[in-house]
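# Chains, contacts and geometry: an overview
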Amino acid sequence: MDDQVLYPALAVLCAAVALNLKLTLCALRAARSMANPALPLAPGEPVPAVAARRLAGRAPLQLAGAGQAWALLYLSSQCPKCRDKLPDIDLLLDAAAEAGLAIWLVSEEPGWRLRRFLRGRRLLQQTAIVSRQDYKLLNPNKSTPAYQFVNHEGMLEAGGFIGDDDWLALHAQLTPAHSGCARVA
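Residues numbered from 1 in each chain as written. Predicted model: local features only at pLDDT ≥ 70, side-chain atom pairs only at ≥ 80, totals over all residues. Heavy atoms only, no water.

## Remarks on the overall build of the protein
The helix and strand inventory of the protein stands at five helices and seven strands. Listing the helices and strands of the protein from first to last along the sequence gives α-β-β-β-α-β-α-β-α-β-β-α. In the protein, which comprises 185 residues, the share counted as buried stands at 37%. Within the protein, counting contacts between residues at least 6 apart in sequence, those at least 24 apart form 62% of the total. For the protein, the exposed area adds up to about 10,900 Å²; of that, 59% sits on carbon and sulfur atoms. (Helix = DSSP H or I, 4+ residues; strand = E, 2+ residues; numbered from the N terminus. Buried < 20%, exposed > 50% of the residue type's maximum accessible area, 1.4 Å probe, protein only. Contact = heavy atoms within 4.5 Å. Areas by Shrake-Rupley, 256 points an atom, 1.4 Å probe, with all protein chains shown as cover.)

## A short note on the sheet that holds strand 2 (residues 60-63)
Note: strands within a sheet are paired through backbone hydrogen bonds, in either parallel or antiparallel orientation. Spatial ordering of the open sheet is given by 2-1-5-4-3-6-7, a layout of seven strands whose pairing is mixed. Each edge of the open sheet carries a strand with a single partner, namely strand 2 and strand 7 (156-161). Between one strand axis and the next, the sheet turns through 30° on average, direction left out of account. Looking at chain direction, strand 3 (residues 69-74) and strand 4 (residues 101-107) are connected through five bridges and run parallel. Bridge pairing in strand 4 links Ala-69 to Leu-101. Against the sheet, helix 2 (residues 80-99) contacts strand 3 and strand 4, and its axis sits at roughly 135° relative to strand 4. Each of strand 3, strand 4, strand 6 (146-150) and strand 7 is contacted by helix 5 (residues 165-174), which is oriented at about 65° to strand 6, the strand it contacts most. (Pairing = 2+ DSSP bridges. Axes fitted to C-alpha atoms, helices over the stretch in contact; angles between N-to-C directions.)

## Points about the packing of helix 2 against helix 5
Relative to each other, helix 2 and helix 5 sit at 65°, their axes nearing to 9 Å. Relative to helix 5, the crossing made by helix 2 is left-handed. Facing helix 2, whose interface residues are Asp-88, Ile-89, Leu-92, Ala-95, Ala-96 and Ala-99, helix 5 presents Trp-167, His-171 and Leu-174. (Left-handed = near helix turned anticlockwise from the far one by under 90°.)

## Observations concerning unusual backbone geometry
Between Thr-144 and the following residue, Pro-145, the backbone shows a cis peptide bond with an omega angle of -15°. Residue position: Pro-145 is located in the loop between helix 4 (132-138) and strand 6. In the Ramachandran plot, Lys-142 falls in the positive-phi region, its phi being about 55° despite a non-glycine side chain. Relative to the assigned elements, Lys-142 resides in the loop between helix 4 and strand 6.

## Focus on the pairing of strand 1 (residues 50-54)
Alignment of strand 1 against strand 2, held across four bridges, turns out to be antiparallel. Paired with Val-50 across the two strands is Leu-63, which belongs to strand 2. Between strand 1 and strand 2, which pair antiparallel one after the other, the connecting turn spans five residues, and Gly-57 there sits at a positive phi close to 100°. In this sheet, strand 5 (residues 127-129) lies alongside strand 1 in antiparallel orientation, the contact comprising two bridges. Residue pairing for strand 5: Arg-54 is matched across the bridge by Ala-128.

## Some thoughts on the nonpolar core
Formed by 28 residues in total, the largest nonpolar core has its most connected members in Leu-73, Leu-75, Ile-103, Leu-123 and Trp-167. Put simply, the parts of the chain that give this core at least two residues each are strand 3, helix 2, strand 4, helix 3 (111-117), strand 6 and helix 5. With seven residues, helix 2 is the single largest residue contributor to this core. Those residues in contact with Leu-73, other than ones at most four positions away along the chain, are Ile-89, Ile-103, Trp-104, Leu-105, Val-106, Ala-146, Tyr-147, Ile-162 and Trp-167. Formed by 19 residues, the second largest nonpolar core is a distinct cluster that contains Val-50, Leu-63, Trp-104 and Leu-138. (Core = buried A, V, L, I, M, F, W, Y, C linked by side-chain atoms within 4.5 Å.)

So, in structure tokens, the structure goes:
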């Protein structure tokens, strides 16, 4: 066999071995995560206080700590439903702040992707980036578009998908004048 055929054949073989190794490791990781599924927090359980950094300004932040009521939102830049929820969430920010409720978008995604996803939105100022491990503590199933309501004692009050009954009840409390016409679906 001459060099013009041997070297490209070896390169293809090396690439195939590397791809096989990568796929094997991904399958192993998936099997391990399915063997020990993380359970979502139940209402009444303490929400772990995790360290985060603000997307805007990079300042540190302690999420879900005691002393403040929190609404933690989980949205993905890859989720079309999440993108549809953004205008309504932006409208809730002022009313929530007046009511003493801190609304934070919690994400493990890279900052550049979140900035592109939230371009022009006020929620950009209320976005916190956490480590993958801390994200899994808060949202083990990586559900989106989802939320958790945390009371001032750091206990989970409710959690679910944005648009469910608890979310709609919060929406109605924060925007009583518009609760009939601006329902979040």
